[in-house]
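Observations on the three-dimensional arrangement
The residues making up each chain are set out below.
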Amino acid sequence: MKRLLIFIFVLFSGNIIFGQQLSLRSQYLNDDFLLNPAIAGTKDYNPLTTTFRRQWAGIEGAPVTQSVSYHAYAGKNLGLGGYLFNDVCGPTRRTGFNFSLAYQIKLSKNNDSKLSFGLSALLFQNVFDATKLTTDEPNDVAINNLHQSMLAPDANFGIYYYSGSKYFIGVSAHHLIQSKVDLFNTMNDIPNTVNRTYYLSGGYGFNLSENLVLTPSFLVRSIETMPYQVDVNTTFTYKNTVWIGASYRHEDAVIALMGFSKDIFSIGYSYDYSISDIQNYNNGSHEICLSVRFNQKNNLSNSHKTPWNKRNRLYTP
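Thresholds, definitions, all that
- The numbers attached to residues start from 1 for each chain and follow its sequence in the written order.
- Two thresholds apply to this predicted model, a pLDDT of at least 70 for residue-level local features and 80 or more for giving and counting side-chain atom pairs, whereas whole-chain, interface and lining totals are computed over all residues.
- Values reported for side chains reflect all heavy atoms of the structure, with hydrogen atoms and water molecules removed beforehand.
- Counted as salt bridges are all cases of a side-chain nitrogen of Lys or Arg within 4 Å of a carboxyl oxygen of Asp or Glu.
- By the criteria applied, helices consist of DSSP H or I runs no shorter than four residues and strands consist of E runs no shorter than two, each listed in order from the N terminus.
- Only protein chains enter the accessibility calculation, which uses a 1.4 Å probe; a residue whose area is less than 20% of its type maximum is buried, one above 50% is exposed, and one in between is partly exposed.
- One requirement defines pairing of two strands: DSSP has to find at least two bridges between them.
- Definition of a polar contact: a pair of N or O atoms within 3.5 Å, with one able to donate and the other able to accept a hydrogen when the atoms are protein atoms, and with sequence-neighbouring residues admitted only if both atoms are side-chain atoms.

What follows deals with the pattern of salt bridges. All chains considered together, the criterion is met by 8 salt bridges. Across the salt bridge formed by Asp-272 and Arg-53, the nearest N and O atoms sit 2.8 Å from each other. You can see Asp-272 sitting in strand E14 (residues 265–274) and its partner Arg-53 sitting in strand E1 (residues 46–54), a full 219 residues away along the chain. In this structure, Asp-272 and Arg-53 share a single accessibility class: buried. Notably, a salt bridge pairs Arg-53 with Glu-287, separated by 2.7 Å at the nearest N-O pair. Taken as a pair, Arg-53 in strand E1 and Glu-287 in strand E15 (residues 285–294) lie far apart in primary sequence, 234 residues in all. This pair shows no difference in class: Arg-53 is buried, exactly as Glu-287 is. Three or more residues are tied together by salt bridges with common partners; here these are Arg-53, Arg-221, Asp-231, Arg-249, Asp-252, Asp-272 and Glu-287.

For the rest of this paragraph, the subject is the pairing of strand E10 (residues 212–223). Pairing of strand E8 (residues 197–204) with E10 involves 7 bridges; the strand directions are antiparallel. From the neighbouring strand, Thr-197 faces E10, where its bridge partner is Ile-223. Of the strand pairs in this sheet, strand E9 (residues 206–207) and E10 are connected by 2 bridges, and their pairing is antiparallel. Bridge pairing in E10 places Phe-206 opposite Leu-214. In sequence, E9 turns back onto E10 through a hairpin of 4 residues. As defined by bridge partners, E10 adjoins strand E11 (residues 226–238) across 11 bridges and the pair is classed as antiparallel.

By the element assignment, His-174 lies in strand E7 (residues 167–174). Judged by its relative accessible area of 4%, His-174 falls in the buried class. Side-chain polar atoms of His-174 contact the backbone oxygen of Leu-35, separated by 2.8 Å. A distance of 3.4 Å separates the side chain of His-174 from the side chain of Asn-156, its partner in a polar contact.

What follows is the structure in structure tokens.
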């Protein structure tokens, strides 16, 4: 019975997977492609990123999320990308994959400012494991009638405007198709249980000194059946290597952010401290993001760019 009550509590809490049907994240600044397909191919590198999040540590059956993403510039103003995801919450699991295509329009002569349009197709499987629930009545009909597994297709769309690494703003919509399936077979008159989710994000990088950059940013989430939610973020980056920051998620959490980058490798960590009514029942949320940046355009010294046989005049042919 305790496990059932925990699941129901998680199910109807304000910021959970089934309320918004998309996993909650704090590391989206390091893996923004998951929020907006138009970001595919807009970086100066091709990031392969994996993220793991454990939400509300200490609560049995609380949401756990894993994802792996990759995107790259494919030439001719096209960006390609995709990701795999797995969201688990109590007795339910949502697993799927996504493929994205983006088209970039140059808005300046030096190609610093671009406008990108992205579209992605996805397929996800919703799985329910009734064996993970303990009920007062054995073989409860309300539980046994739930679907064990279902497949559902969908699509996302996004627009992204950016100027190098200076500033950006983007908007995206997930679940465009709104698959007409009742994922949990509740036997009620539910015309659609897959609701559209919208994201609006933006940020600007201020050079405080030659080595220090301040980047304030924001994220607004909105789902058609729930109130919108706002994140406000601030990060400090030193020598493009170490960063620390903080976020405030309205009426939900205060978040500490930190990370480190070396050569093509990058790691980020965040800790969410709950400030909502659930704070007395959990030990916070943990999220880690690991990234490998392929084909990274480093600011190498001229000696690295010059062929070895021309670096020293003594050996110049």
